[in-house]
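Chain and residue survey
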Amino acid sequence: EVQNMINQLIPKALQEKILSKLGGLILMGSLSPNVTLVVDEYKGLSINEIFEASEIYLRTKITPSIERLKVSKVPREKNLSVTINKGEKIIDVFEGIQLIWEVICIEDQKTSFDYEGYFSNEKVERKSIELSFNRKHKEIVLNSYLPYVLERSKAIKAENKAVKLFSLGSFSGDYEGGPWGSVNLDHPSTFETLAMDSTLKEELIDDLDRFVRRREFYRRVGKAWKRGYLLYGPPGTGKSSLIAAMANYLKFHIYDLELTCLTSNSELKRLMVSTANRSIIVIEDIDCSVELENRGVGGYNQSDNQLTLSGLLNFIDGLWSSCGDERIVVFTTNHKERLDPALLRPGRMDMHIHMSYCTPCGFKTLALNYLGICNHILFSEIGMLLSDVEITPAEIAEELMKSEEADIALARLVEFLQKKKKAKDGESKFEGGNEVDEEGTKSEETNEGGEKKANRKKRKAERRKCFLQQKTRR
Ligand SMILES: Nc1ncnc2c1ncn2[C@@H]1O[C@H](COP(=O)(O)OP(=O)(O)OP(=O)(O)O)[C@@H](O)[C@H]1O
């Protein structure tokens, strides 16, 4: 009754003010046993992170009894967003404590003056979320429950995030990524579909998991929160597919850093600082991207007017990596043996990952991906042939795509592998007779392949540059 009288006589806002002035000491017992936290949408001009997190968290707590929901979708977001409407209440339980959430919307008048001094009143909606619970649980709510809501919302956000591929020159029309243009990645590659050594795959997944959960560790030991991977192996063994699988697994955006588009360290720095946290910076074909070796490797030439390997490495290890969080850098190469020792030095790239020719185990993953089968009478023959010849997963994938019938596709694959084996047997006989000559020819072939690739990359870079220039002119 006393409580009712107080409620009738003193407005709620005034009650709260008195309570806070008295430190809540005197009237606490006689007033409501509940306390309400008001979470406004904005704090000044900035969005209130707790509001944002609560909204996301409450989406997962929607029950069938809720009558009014709001649904929306923003451009480029994959999923619809369903939230509770104003006035609706949601009950949550945390460590046995009952918590009541309510969405509140208050219409307000906003007075503004235009440049001629006329003022106008416009109606604005102020949104807030209220959280009520028994006041004796205040400490638990503030110290455990709200941090939990923040953590959960972060995870939910990450799950729903559309992974993007940022590159120089592939503009989607928006400039949110600064000099980078972006498209949704939509690459279907995942660790499940990736044909690679299963132990290595597990090691890599563990490494990534450890990396993302060690924010405190990196802070404690004073290391920038970044990880470097070097992927090496012949073309078509899945290096790009692995990068896509990593991005899909972590929900990190990819920045495809094409070094051949750049001319100086300062340009590189500008691009690197405009990359976002929780992203993977990819530098493909580092051995033939730019002639870094001729540009002052090892720190002799630190000029900002040139692009140097030392400039790149110093920046990755130095200032840039400490400007942000959760950075992953991936270098790929088809020729690890051609890399500058500075890149291979211990501590530079945390993990060297060899993407090999297709193994019998990798083949089983591909057969499951492409034909939907886990076993077949031809598997053992294919396994034996694969141990004899060097075939990339890309080649196997191409063969498996030639028929939807597993029997036909596998029979064709056997034929294909047998042909390869015959060719290889013939080659090795030939090699036996002309050992010295062949070695020379072989290394020339490899060099030629490398040069061809370098030329291809140069042409691609030229095209990108042209595109960028046109874009700037427009
Ligand atoms: N290990 C793999 N697992 C599953 N599919 C693969 C694998 N390797 C290659 N493929 C298939 O072959 C295609 C080409 O492979 P990918 O581009 O990933 O190879 P890469 O090693 O990056 O080649 P490059 O060195 O020429 O860039 C992929 O789109 C995929 O379909």
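Residues numbered from 1 in each chain as written. Predicted model: local features only at pLDDT ≥ 70, side-chain atom pairs only at ≥ 80, totals over all residues. Heavy atoms only, no water.

Summarising the model, the protein shows a mean pLDDT of 80, and 78% of its residues fall at 70 or more. Contacts for the low-pLDDT stretch residues 293–301, under 50 throughout, to residues beyond four places or in other chains number 16 contacts. (pLDDT = per-residue confidence, 0-100. Contact = heavy atoms within 4.5 Å.)

A separate point is helix 13 (residues 379–388). All of the buried residues along helix 13 are Phe-379, Ile-382, Gly-383, Leu-385 and Leu-386. Summarising the axial view, the buried residues of helix 13 lie within an arc of 165°, below the 170-degree limit, and thus occupy one face. Turned more than 90 degrees away from the buried face of helix 13 sit Ser-380, Met-384 and Ser-387, all of them exposed. (Buried < 20%, exposed > 50% of the residue type's maximum accessible area, 1.4 Å probe, protein only. Helix = DSSP H or I, 4+ residues; strand = E, 2+ residues; numbered from the N terminus. Arc of directions from axis to C-beta.)

Here the idea is plain: a probe the size of a water molecule rolls over the atoms and shows the empty space left. By the definition in use, this model includes two cavities of 30 Å³ or more. Along the walls of the second largest cavity sit Glu-55, Leu-58, Arg-59, Thr-83, Ile-84, Val-103 and Ile-129, which together make up its complete lining. At the level of secondary structure, the elements contributing two or more residues to the lining of the second largest cavity comprise helix 3 (49–59) and strand 5 (81–84). Residues belonging to the lining of the second largest cavity are distributed by class as follows: four nonpolar, one polar and two charged. (1 Å grid on protein atoms, 1.4 Å probe; cavity = no way out; pocket = protein on both sides within 12 Å on 5 of 7 lines; lining within 4 Å. Points joined across faces, edges and corners; volume = space filled by probe spheres on them. Nonpolar A, V, L, I, M, F, W, Y, C, P; charged D, E, K, R; others polar.)

Below, the discussion takes up the site of the ligand. Taken together, the neighbourhood of the ligand is formed by 17 residues, with Ala-195, Gly-236, Lys-239, Ser-240 and Ser-241 sitting nearest. Contact distances for the ligand include 3.0 Å between a nitrogen atom and a backbone N or O atom of Gly-238. A distance of 2.6 Å is found between an oxygen atom of the ligand and a side-chain nitrogen or oxygen belonging to Ser-241. Contact with the protein chains removes 74% of the 630 Å² of surface that the ligand exposes when unbound. Mapped by element, the contributors of at least two residues to the shell around the ligand are helix 7 (239–250), helix 12 (360–371) and helix 14 (393–400). Broken down by element, the shell around the ligand gets its largest block of residues, three residues, from helix 7. Partitioning the shell around the ligand into residue classes produces eight nonpolar, seven polar and two charged. (Near = heavy atom within 4 Å. Polar contact = N/O pair within 3.5 Å; in protein donor to acceptor, adjacent residues only side chain to side chain. Areas by Shrake-Rupley, 256 points an atom, 1.4 Å probe, with all protein chains shown as cover.)

Turning next to the pattern of salt bridges. One pass over the structure, following the stated rule, counts 10 salt bridges. Note that Lys-420 and Glu-395 form a salt bridge whose closest N and O atoms lie 3.7 Å from each other. Taken as a pair, Lys-420 in helix 15 (residues 406–433) and Glu-395 in helix 14 lie far apart in primary sequence, 25 residues in all. Look at Lys-420 and you get partly exposed, because its relative accessible area is 34%. On the basis of relative accessible area, Glu-395 is assigned to the partly exposed category, the value being 27%. (Salt bridge = Lys/Arg side-chain N within 4 Å of Asp/Glu carboxyl O.)

What follows deals with unusual backbone geometry. Within the chain, Glu-95 stands out as a residue other than glycine whose phi angle is a positive 45°. Summarising the element assignment, Glu-95 is placed in the loop between strand 6 (89–94) and strand 7 (97–113). On the basis of relative accessibility, which here comes to 57%, the residue Glu-95 falls in the exposed class.

What follows is about the sheet that holds strand 10 (residues 181–184). Reading across from one edge, 10-9-12-13-14-11-15 is the order of the seven strands in this open sheet, with mixed pairing throughout. Only two strands of the sheet have a single partner each, and these edge strands are strand 10 and strand 15 (351–354). Taking the axes of each pair of neighbouring strands and ignoring which way they run, one obtains an average angle of 25° across the sheet. Relative to strand 13 (residues 279–283), strand 12 (residues 253–256) is paired through four bridges, and the arrangement is parallel. What sits directly across from Tyr-255, in strand 13, is Ile-281. Running over the sheet, helix 7 touches strand 11 (226–232), strand 12, strand 13, strand 14 (327–333) and strand 15 and is turned about 165° from strand 14. (Pairing = 2+ DSSP bridges. Axes fitted to C-alpha atoms, helices over the stretch in contact; angles between N-to-C directions.)

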